[in-house]
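# Geometric and topological summary
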Amino acid sequence: MPGCDTATPTCVFTAAGFSIDTLQPDTLADLLAMLDDADQRVRITTLHTLACDRCKEGSCQPEEAEVLPRAMELLAKDPSAHVRAMAIEVVGRFVHGNRHAAAAIEAAVQSDPSSAVRKKAGRYAPGGAIHGRSAPGQPRRAVASPSGDG
């Protein structure tokens, strides 16, 4: 791409035909392949797109079977603490209904080499603040806009 440094995650996404801000149903398989990218920034951005409700177009929600095994693998084995921390957000989406997801979060709490990852995992583990807020049937808190009007 002219004027694009393909070493940045934004350019990698753009060059692959993705919008960095949205997940679309027809691009999920290609997006999942980006979890194998050598650049940790691409893996982090991909995990963010999979975890973030605002980054999904329409009703596009990836199926548990498509994303959970790979996210759990990254949580357990990725050399980057930043990638493991973002993988927690994907795994955490499924922690209420999947005992393997809950076990992966608990394993991170107990044994991740990074204290930051252990702390974040604790928020998603049973009894943690995010775990309680994300339980099915719990109302979502509105996020105030930076200007304070919403």
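Residues numbered from 1 in each chain as written. Predicted model: local features only at pLDDT ≥ 70, side-chain atom pairs only at ≥ 80, totals over all residues. Heavy atoms only, no water.

### Concerning the overall build of the chain
Rules: Note on conventions: DSSP H or I runs of at least 4 residues are helices, E runs of at least 2 residues are strands, and numbering of each starts at the N terminus. Only protein chains enter the area calculation, which uses a 1.4 Å probe; residues under 20% of their type maximum are buried, those over 50% are exposed, and those in between are partly exposed. When checking whether two residues touch, look at their non-hydrogen atoms; a contact exists if any pair is within 4.5 Å. Reported accessibility uses the Shrake-Rupley method at a 1.4 Å probe radius. Residues are deemed covered only where the shown protein chains occlude them.
A count of helical and extended segments in the chain gives eight helices and zero strands. When the helices and strands of the chain are placed in sequence order, the string is α-α-α-α-α-α-α-α. Sorting the 150 residues of the chain into buried and exposed places 41% on the buried side. Relative to all contacts within the chain whose residues are 6 or more apart in sequence, the contacts with residues 24 or more apart total 53%. Roughly 8400 Å² of accessible area belongs to the chain as shown, and the carbon and sulfur atoms make up 53% of that amount.

### Some thoughts on the confidence of the model for the chain
Spelled out, the test is: pLDDT is a per-residue confidence score from the predictor, ranging from 0 to 100.
Mean pLDDT over the chain stands at 80; residues scoring 70 or higher make up 69%. Note that residues 142-150 has pLDDT below 50 and, in this model, three contacts with residues that lie over four places away or in other chains.

### Points about the nonpolar core
Keep this limit in mind: Note on terminology: a nonpolar core comprises buried Ala, Val, Leu, Ile, Met, Phe, Trp, Tyr and Cys residues joined through side-chain atoms within 4.5 Å.
One finds L47, L50, L75, I88, V90, V91 and I105 to be the most contacted residues of the largest nonpolar core, which totals 33 residues. Here the element with the most residues in this core is helix α5 (residues 81-92); it accounts for seven residues. With residues up to four places along the chain from it excluded, the contact list for V90 reads L47, L50, A51, V67 and A71.

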